[in-house]
Amino acid sequence: MIKTSYEFDQSILAAGSALKTNILLRFGADIAKSPRRNLNLSLVIDRSGSMAGAPLHHALKAAESVVEQLEPDDILSVVVYDDEVDSVVPPQSVSNKAALKNSIRKVRAGGITNLSGGWLKGCEHVKTRLDPQKINRVLLLTDGHANMGIQDPKILTATSGQKAEEGIITTTLGFAQGFNEDLLIGMARAATGNFYFIQSIDEATEVFSIELDSLRAVVGQNLKVTLELADGVSLVDTLSLAKVSQNDAGQAVITLGELYEGEDKLLGLNLGISSAQVGELPVMKLHYSADVVQNDRIQSVSGTIDIVAKVGTVEEAAFAATSHIILELSRLTIAKAKETALNLAEHDKHQEAEQTLRSLVKDLRDKGLNENFEIAEEIDQLEYFASRIAQKALGNAGRKEMRDQTYQTMTRNRRDLVGRGVTTGDEVYAMPIVNEVGSGVELHCVREGGKLRVKVMSEGYDLTMNIQFPRAIRAEGARYVVEGLEPSSDATFYRVRGKITRFAQPGETDIFVAPRQSHPANTGKASKGPASAADLPTTDSVGDSILIQCVKDGSKLRARVVSDGYEPDWNMRFPRSVREEGMLYVVDEVKTAPDGKSYIACGEIKRFVQPTTN
């Protein structure tokens, strides 16, 4: 059965006219601990040129970790794609893990990104073993934009929804900074799957494990709620990224997707009420339905609950705040504000976007919610994003962090997924530097589960407690000196007191003097090659350089750019002496030729060698 509950942000609403209120709805599967459901899983991995080096290495290691965690009764397929699509592991039971992992280890980086071809092949594999008693899922991982095959996000998103109706759910995973987050989030939302931003490539295995944990915990699917609002009640806003549609009666139908064991599904609603008299006020009838595990089988269940508000005098309402749900509603409100601000900024309404975030910060502080560490962390995030938006400097990384934080908060109820972000802000490089701690307190910034946390290093403090610290100057590995620390009102975390400086010990290299990434010196001169490809120096990383591949075009060997952001079909001026079919190269620079429709490889040429996963 489905267990449901609801609470208003105030247990007693004030009588009067034209009031607004927030309500928090909870949904969970009220069943005994169920046995783990078998999986019918397809891993679809981008092996295009932009994944070459460490990204593909970590993606393949993550895929091996998935194999290790599966059971013999699970079904697995593995698809890899660049401009071609290959099924390195056809659909099969996970009976020989060593053979499966060996097949994965043989994958090498290739050309351009046929995302649609790879994803549809994964869907096809899942469909061949489709079983409603199993979890039927495609995990699509990419680090770039689709530049071959079906590229229209609207078509891919709509198709993802159609596949979900057939029982094939898609989870998307965006790797590093080059992927199209709007596409991947759109596909995940349409399919009621999950989305993950793998911001640091070495956390790929961790994120894959989070998704596997989620799949093992699925106890219900296709959760839908229909709102039958009472007269005088209107739906102002939905604090969720769930799909909202209307039925023939004009009622809002909200698709919430999957239910996970031990994880309530939350839905926040902002309602308008035209008038309310003292007493009990019928607000709506809430109709719900889902497919849940009962007696080891998937069965459809449905039900209706009446939602009633208590209305009292203004005085009674003033003393009746239900503070225990204020935090949860605040998390949803914060996520909604980030989404609103991002949309405003992308329509050049930067001042309005900044004000949206700063107004919410003031409201949170006025309510005393900054005494809760999680909300205090969110306040730092809001101030950081507000500042970046005001400077029109949010950037690609900031946009992805905002979209990810919004998505995770408004679709899941897992603390390890919210507030993730490890991007170093430019502000850290401009900080004043000291070479000794003196009478101050030394702090250290570390990465924990996709988040940047600041920890105390000096004696005399609780080393296990978190520290509220400005998000703008957090950088993994950085050390700081502050004048002092003071505990929060409930003594669960510290706040920084006084001036903040960055600490660099004498004799140690300061990695934050300038941005870590160094760009190759571009000469602008066309590349020259040795006598043969065998004479080229080798590299196993691409970095800020450009990846080139030699492909067969009729009877000719052509050089093509496979790094993202370039035209994949343009010819290139490239030394003939080093051209070998299928070979990958790294060059310092690629310039557009005078004809405006071809490229020139410039600078040093290296032969790319994919690092092994062993």
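Preceding this section is the structure that the text describes.
A brief structural summary. (Residues numbered from 1 in each chain as written. Predicted model: local features only at pLDDT ≥ 70, side-chain atom pairs only at ≥ 80, totals over all residues. Heavy atoms only, no water.)

1. Quick look at the sheet that holds strand β11 (residues 233-239)
Inference 1: Pairing is antiparallel in the open sheet, where four strands are placed in the order β1-β3-β14-β11. Only two strands of the sheet have a single neighbouring strand rather than two, namely β1 (2-8) and β11. Strand-to-strand twist of the sheet, defined as the mean angle between neighbouring strand axes without regard to direction, takes the value 25 degrees.
Inference 2: Two strands pair when backbone bridges link them, and β11 and strand β14 (residues 265-276) are joined in this way by six bridges, in the antiparallel orientation. Pairing of Thr-238 across the sheet is with Leu-269, part of β14. (Pairing = 2+ DSSP bridges. Helix = DSSP H or I, 4+ residues; strand = E, 2+ residues; numbered from the N terminus. Axes fitted to C-alpha atoms, helices over the stretch in contact; angles between N-to-C directions.)

2. Topic: the packing of aromatic side chains
Inference 1: Under the definition given, this model contains twelve aromatic pairs.
Inference 2: Where Tyr-6 meets Phe-8, the ring centres are 6.2 Å apart and the plane angle is 90 degrees; that geometry is what we call edge-to-face.
Inference 3: By relative accessible area, Tyr-6 is classed as partly exposed at 27%.
Inference 4: Note on Phe-179 and Phe-195: the rings are 6.3 Å apart at their centroids and 55 degrees apart in plane angle, and the pair reads as tilted. Linking Phe-179 in the loop between β8 (169-175) and α5 (181-191) with Phe-195 in strand β9 (residues 195-198), this pair joins segments that are 16 residues apart in sequence. (Phe/Tyr/Trp six-rings, centres within 6.5 Å; stacked < 30°, edge-to-face > 60°. Buried < 20%, exposed > 50% of the residue type's maximum accessible area, 1.4 Å probe, protein only.)

3. Some remarks on the packing of helix α1 (residues 54-69) against helix α6 (residues 204-216)
Inference 1: Running from N to C, α1 and α6 cross one another at 35 degrees; their axes reach a closest spacing of 8 Å. Crossing angle aside, the handedness with which α1 passes α6 is right-handed. Across the interface between the two elements, His-58, Lys-61, Ala-62, Ser-65, Val-66 and Gln-69 of α1 pack against Ala-204, Thr-205, Phe-208, Ser-209, Leu-212 and Arg-216 of α6. (Left-handed = near helix turned anticlockwise from the far one by under 90°. Contact = heavy atoms within 4.5 Å.)

4. Notes on the pairing of strand β4 (residues 39-46)
Each regular strand displays side chains that alternate between the two surfaces of the sheet.
Inference 1: When you tally the buried positions in β4, you get eight out of eight residues, the bulk of the element.
Inference 2: Where burial is concerned, the two faces of β4 agree: the one with Leu-39, Leu-41, Leu-43 and Ile-45 and the one with Asn-40, Ser-42, Val-44 and Asp-46 are both buried.
Inference 3: Judged from the seven bridges that link them, β4 and strand β7 (residues 135-142) form a sheet pairing that is parallel. If you follow Leu-43 over to β7, its bridge partner there is Leu-139.

5. Details of the sheet that holds strand β6 (residues 85-93)
Inference 1: Read across the open sheet, the six strands follow the order β6-β5-β4-β7-β8-β9; overall the sheet is mixed. Looking at the sheet topology across the chains shown, the edges are occupied by β6 and β9. Across the sheet, the mean angle separating the axes of adjacent strands is 15 degrees when strand polarity is ignored.
Inference 2: Pairing between β7 and β8: six bridges, direction parallel. Bridge pairing links Val-138 to Thr-170 in β8.

6. Things to note about the layout of surface pockets
Inference 1: Space inside the second largest pocket adds up to approximately 480 Å³.
Inference 2: Together, 24 residues line the second largest pocket, and Ala-164, Glu-165, Gly-167, Ile-169 and Asn-222 are the ones closest to its centre.
Inference 3: Of all the secondary-structure elements, those providing two or more residues to the lining of the second largest pocket are β7, α4 (153-165), β10 (218-229) and β13 (252-260).
Inference 4: In terms of residue class, the lining of the second largest pocket is built from seven nonpolar, nine polar and eight charged. (1 Å grid on protein atoms, 1.4 Å probe; cavity = no way out; pocket = protein on both sides within 12 Å on 5 of 7 lines; lining within 4 Å. Points joined across faces, edges and corners; volume = space filled by probe spheres on them. Nonpolar A, V, L, I, M, F, W, Y, C, P; charged D, E, K, R; others polar.)

7. With respect to the pattern of salt bridges
Inference 1: Under the definition given, this model contains 45 salt bridges.
Inference 2: For the salt bridge of Arg-331 with Glu-374, the shortest nitrogen-to-oxygen distance reads 2.8 Å. Of this pair, Arg-331 sits in helix α8 (residues 323-345) while Glu-374 sits in helix α10 (residues 373-390), and the two are 43 residues apart along the sequence.
Inference 3: In this structure, a network of salt bridges that share partners links the residues Glu-181, Asp-182, Glu-346, Arg-399, Lys-400 and Arg-403. (Salt bridge = Lys/Arg side-chain N within 4 Å of Asp/Glu carboxyl O.)

8. Digging into empty space enclosed by the protein
Inference 1: Enumeration according to the criterion identifies six cavities of 30 Å³ or more in this entry.
Inference 2: Looking at the largest cavity, its volume works out to about 200 Å³.
Inference 3: Together, 20 residues line the largest cavity, and Thr-192, Gly-193, Leu-256, Lys-265 and Thr-411 are the ones closest to its centre.
Inference 4: Ranked by residue count, the leading element in the lining of the largest cavity is β13, at five residues.
Inference 5: Roughly 110 Å³ of internal volume is contained in the second largest cavity.
Inference 6: Where the lining of the second largest cavity is concerned, the elements lending two or more residues are β14, α8 and α11 (395-411).

9. Looking at a nonpolar patch on the surface
Inference 1: Together, Leu-120, Ile-150 and Ile-155 give the surface a local cluster of nonpolar side chains, amounting to about 210 Å² of exposed area.
Inference 2: By secondary structure assignment, the location of Leu-120 is in helix α3 (residues 115-128).
Inference 3: In this structure Leu-120 comes out as partly exposed when scored by relative accessible area, which is 30%. (Patch = residues over 30% accessible without salt bridge, like charges linked within 9 Å, V, L, I, M, F, W, Y side chains within 5 Å. Areas by Shrake-Rupley, 256 points an atom, 1.4 Å probe, with all protein chains shown as cover.)

10. Let's talk about the side chain of Glu-203
Inference 1: Within the element layout of this structure, Glu-203 appears in the loop between β9 and α6.
Inference 2: The residues contacting Glu-203, other than those within four sequence positions of it, are Phe-197, Ile-198, Arg-420, Arg-447 and Gly-450.

11. So, the environment of Ile-12
Inference 1: By the secondary structure assignment, Ile-12 is in the loop between β1 and β2 (13-14).
Inference 2: On a C-alpha basis, the gap between Ile-12 and Phe-319 in space is 8.6 Å, while along the polypeptide they are 307 residues apart.
Inference 3: What Ile-12 contacts, discounting residues up to four positions off in sequence, is Lys-310, Val-311, Gly-312, Glu-316, Ala-317 and Ala-320.

12. Points about helix α2 (residues 97-105)
Inference 1: Within α2, the full set of buried residues consists of Leu-100, Lys-101 and Ile-104. All buried residues of α2 lie within an arc of 95 degrees about the axis, which places them on one face of the element. (Arc of directions from axis to C-beta.)

13. Digging into the side chain of Asn-194
Inference 1: Mapped onto the fold, Asn-194 is located in the loop between α5 and β9.
Inference 2: With residues near it in sequence (within four places) discarded, Asn-194 still touches Arg-137, Thr-170, Thr-171, Thr-172, Ala-188, Glu-211, Ser-214, Tyr-260, Tyr-407 and Arg-412.

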